[in-house]
Number of protein chains: 2
Amino acid sequence: MTEKYVIGLDYGTDSARAVIVNTLTGAELASSVKYYPRWGQGKYCNPDTNQYRQHPQDYIDVLEASVKEALAKCPEGTAAKIAGISFDTTGSTPVFTDEAGTPLSLLPEFAENPNAMFVLWKDHTAIKEAAEINALAGKWDINYVDYEGGIYSSEWFWAKSLHVLRADAAVRAKAYSIVEHCDWMPALITGASKASEIKRGRCSAGHKAMWLEKWGGLPAEDFLTALDPMLGGFRERLYRDTYTSDVAAGNLSEEWASRLGLSTDVVVGVGAFDCHMGAVGAGITPHTFVRVIGTSTCDIMVSSYEEMGDKLIRGICGQVDGSVIPGYVGLEAGQSGFGDIYAWFKKVLEFPIKNIIGASELIDAETKEKLIQEACDKIIPELSKEAEKIPASESTILATDWMNGRRTPDANQLLKGTITGLTLGSTAPRIFRALVEATAFGSKAIVERMRNEGVQIDSVIGIGGIALKSPFVMQTMSDVLNMPIKVCKTDQACALGAAMFAATAAGIYPKVEDAVQAMNSGFAFEYFPNAENAKIYEHIYEYYVKVGQFTEKELFC
Amino acid sequence: MTEKYVIGLDYGTDSARAVIVNTLTGAELASSVKYYPRWGQGKYCNPDTNQYRQHPQDYIDVLEASVKEALAKCPEGTAAKIAGISFDTTGSTPVFTDEAGTPLSLLPEFAENPNAMFVLWKDHTAIKEAAEINALAGKWDINYVDYEGGIYSSEWFWAKSLHVLRADAAVRAKAYSIVEHCDWMPALITGASKASEIKRGRCSAGHKAMWLEKWGGLPAEDFLTALDPMLGGFRERLYRDTYTSDVAAGNLSEEWASRLGLSTDVVVGVGAFDCHMGAVGAGITPHTFVRVIGTSTCDIMVSSYEEMGDKLIRGICGQVDGSVIPGYVGLEAGQSGFGDIYAWFKKVLEFPIKNIIGASELIDAETKEKLIQEACDKIIPELSKEAEKIPASESTILATDWMNGRRTPDANQLLKGTITGLTLGSTAPRIFRALVEATAFGSKAIVERMRNEGVQIDSVIGIGGIALKSPFVMQTMSDVLNMPIKVCKTDQACALGAAMFAATAAGIYPKVEDAVQAMNSGFAFEYFPNAENAKIYEHIYEYYVKVGQFTEKELFC
């Protein structure tokens, strides 16, 4: 067997990374990270209205730059051994295209129009449209949100599309189709020249666009036009069929083969969302709860058809046949805030450092800047160090983790966070400990929901920044979940997952499970629950639930 | 009329101040503050168990030092014009004495025994005993806690006395009587040589020892011995009668006239608690809610016999005929945490300054110390400045003010504080604003309770550190209470009140109201409610009540 390589391309919120991987061993040969230039300048975004848009040219720029840089780091001759490329991206991140499948903002007349750009996953401009979808779905003879966990989110495909159509007459006039970021990348480099030619991934279609095989695909035309006549005709021009990511989208086009310095023999796989491919990169199997843990979490499971039967899992972010591994139902869940909650508390504590020390005349400007930087950088490590020393038996401060709303169970963006049990003796590390416990309780709420809905969970795998770098957080989570948690060696699980799919799409492995078997990174370490703490936390969790129910019912409704 | 002076002696938690006042005008001639030396070293205290004891020698040392220093600042001949001295002290702060009325810790064998010392108001070692008193009172044919707001506190006379008796066999064997700090000071300097000679103040007896005229004084012997046989005999040896503070306790003894450089003609008034005399110093009248606002608040009202009738005001800290102004019923209430809550948040924010900048090697030790001091000192001013800019309409963070438990309404030391409505955009100033609002809501809860129980409140007077120094806090309180708040000019209202009582006890004025008329300091400024904010806060207050009810019922019970 010749040594073959594949390229996993992972498109995150701020940057993309290209990782070149040996298909026999999974070893990383080289990688390159490139930041989106326009996005980095804050262009096309408005945090006040939660408008977050990304220009397709950003995606193109970093694609070329990252692949070329990664290849340049490899031994000569590597380019010739590249057999496949697959993409994972954030999502739901849709864009309107013309008939050729070109995102409208790549046309000169729309080049600076945010409504003609990709609407990033975290854009919350479509809250009203999501509410309309939920209301209509509840009344329709088919409840199209049944497989989306029962609640459609403002972060998703149809809500965003409808919002943009309503907001922008020029886009409305030109819009022919709509495409997710993860589907557009393969279309771009395989040279698709018609919107109708774009192979649509099962993952984005099923989790975000209410696509279901048994419904004949997307929601019925009359449902969409009942939402708004502006949606009329799109269903027909979008797609009937979707593809799992072990399938090839096509071969590299001449143009892109030349731009990337690769051959047109390179197979390009069907794209999917980052966390779904990340779960594969982490070695997901049934009954394993895979968590991508960063600013927020995205949690993925796979379940066999036998286990799932006709079950509808309430309050998660969707259940989609083949969205993770073909032949299994993929389940998605997540916490809206995780590391972001720690970062919020850090920012609160930075106030006197930035506002008072920042204005002090006791030290010179240069020292001041260094001192402030040092102080801010050390806040979370120092809080963790001190919080870790506090025994769980002294965890008398209780917090909920809804400072950024709640994603799972039962998405609700209106919810807010609470800290209670405060006394005059509540120190910053004690509060931090409560916040860490809150994020772990939020994790438990997801696990409990899955189990209550009949999904078996035996173990946990963590990937992402926090999983690798925050032993205190991970140990607390293990104690609260009362389950061991394994942490993957790779810090590029998403790109590695994309590489596994690329190897499968290129025919090197018959099934992605075989690629996982050969190419996985193994585990760096494993956390085991402390039985005593687990007992304490089981008790505190009851209060977490109580506080949550009270605030949800009485305050933020 | 000859120019006469009086000395108001105000014994606070950490220090005592002697203020020499002109009886004609109320003008302050001189003052002196002296800190308790043993207390300052942390002696006899254990914050872990909330044990706070003060040595009587501390009180003696500062008495002599402060009076002498204040006199030394006055023109020659002033000492000869001193007509009276009165004391206000913290309370309930009782001590066991021998038959001579000497606090046991002034005897050599008890000199270092904390149980033989004054048990400071904030000592919480007697929680169990308070619970026993409440339980027994509920079953007894006379409910002895009826006039204490219905709940006896661990901070009060009988609970503390019983706790010490149980804890210390040596004290138990020697204990003959028990005396409050405010009663012992006059006894000391008038040369009382028997415990039975000590004139007991109405204020401490009524508010803290369950003394009531219609019950024939203190609770019945069988009630006390049913609590614990150890209490047997004390009632008989304590007192039947009590005195309002316009009455003289006696004249200065030869010894103390000599020690203080004064004449034995000086009349010493009956003592009372600091806030009660402070309310008089502030010019209290019926329907005025006088608040001593510092780390916590003590709130005082006076009500005519006609208005009070047979009313029992639930959940306050007692209603006592003559405890503030003779001829009126004095009502006491308060918030367990006020400025302490701001200080707590300050301490939370200090964490990175002290722990990270404190350990930094980027600046030299001396600069570091200055920088840390500067940063810590400016936290509350800077928070106030920023919080003040936020419109009340944006007050979406909601807090309760129970970080130190709740005093009024319905004392409950088990309660804890809550902050809810938190988002990733909740900045330190926004949280601080919520805490300031929380303390104002806590104030409103007291006002509402008073009104619901039939006590009319028309206006508010503020005294104490926060009243004079925190316009943002006072404006918020005015908005939340929807009432104007006047702030006294004097920053020594308690000592001024003691001076007014001294002038009355010395016969310069027939009634303390006349002394108030002549000697009051007037008002420094007045806050008026902003109608728009008042409306917003009325709405938020409903949520404050909801959150409070939930946490009290479901979490801290």
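Placed above this text is the structure.
These lines cover the structure that appears in this document, whether it is placed above or below. As the structure is a prediction and not an experimental result, all values here were calculated from the model.

1. Some words on the sheet that holds strand 15 (residues 329-333) of chain A
Residues and elements named next belong to chain A.
- One open sheet accounts for 7 strands, arranged 14-15-13-12-18-19-20; its pairing is mixed. Looking along the sheet, the strands with just one partner apiece sit at the ends: strand 14 (319-321) and strand 20 (523-527). On average, each strand axis in the sheet is inclined to that of its neighbour by 25 degrees, with strand direction left out of account.
- Alignment of strand 18 (residues 459-463) against strand 19 (residues 485-488), held across 3 bridges, turns out to be parallel. Each bridged residue has a counterpart across the sheet, and for Val-460 the counterpart in strand 19 is Ile-485.

2. Concerning the interface of chain B and chain A
- The partner chain A presents 50 residues to the 50 residues of chain B that form the contact.
- Considering only the surface of chain B that becomes buried against chain A, B:Phe351, B:Ile356 and B:Leu424 emerge as the three largest contributors, covering 15% of it.
- Linking chain B with chain A are 2 salt bridges, by the criterion used here.
- The salt bridge involving B:Glu554 is made with A:Lys546; its shortest N-O contact spans 3.1 Å.

3. A short note on the sheet that holds strand 12 (residues 288-293) of chain B
Residue and element names in this part refer to chain B.
- Here 7 strands make up an open sheet; going across it, the order is 14-15-13-12-18-19-20 and the pairing mixed. Only two strands of the sheet have a single partner each, and these edge strands are strand 14 (319-321) and strand 20 (523-527). Within this sheet the neighbouring strands show an average axis-to-axis angle of 25 degrees, counted without direction.
- Bridge analysis of strand 19 (residues 485-488) against strand 20 gives 4 bridges, and the strand direction is antiparallel. Bridge pairing in strand 20 links Cys-488 to Phe-523.
- With respect to the sheet, helix 11 (residues 274-281) is in contact with strand 12, strand 13 (297-303), strand 15 (329-335) and strand 18 (459-463), its orientation differing from that of strand 13 by roughly 60 degrees.

4. Examining the pairing of strand 15 of chain A
Residues and elements named next belong to chain A.
- Counting buried positions along strand 15 gives 5 out of 5 residues, so the element sits mostly inside the fold.
- Residues Val-329, Leu-331 and Ala-333 line one face of strand 15 and the alternating positions Gly-330 and Glu-332 line the opposite face, and both faces are buried.
- Of the pairings in the sheet, the one linking strand 13 (residues 297-303) to strand 15 comprises 5 bridges and is antiparallel in character. When the sheet's bridge partners are listed, Val-302 is paired in strand 15 with Gly-330.

Parameters at a glance
Residues numbered from 1 in each chain as written. Chains lettered and ligands numbered in written order. Predicted model: local features only at pLDDT ≥ 70, side-chain atom pairs only at ≥ 80, totals over all residues. Heavy atoms only, no water. Pairing = 2+ DSSP bridges. Helix = DSSP H or I, 4+ residues; strand = E, 2+ residues; numbered from the N terminus. Axes fitted to C-alpha atoms, helices over the stretch in contact; angles between N-to-C directions. Contact = heavy atoms within 4.5 Å. Buried area = accessible area lost by both parts, 1.4 Å probe. Salt bridge = Lys/Arg side-chain N within 4 Å of Asp/Glu carboxyl O. Buried < 20%, exposed > 50% of the residue type's maximum accessible area, 1.4 Å probe, protein only.

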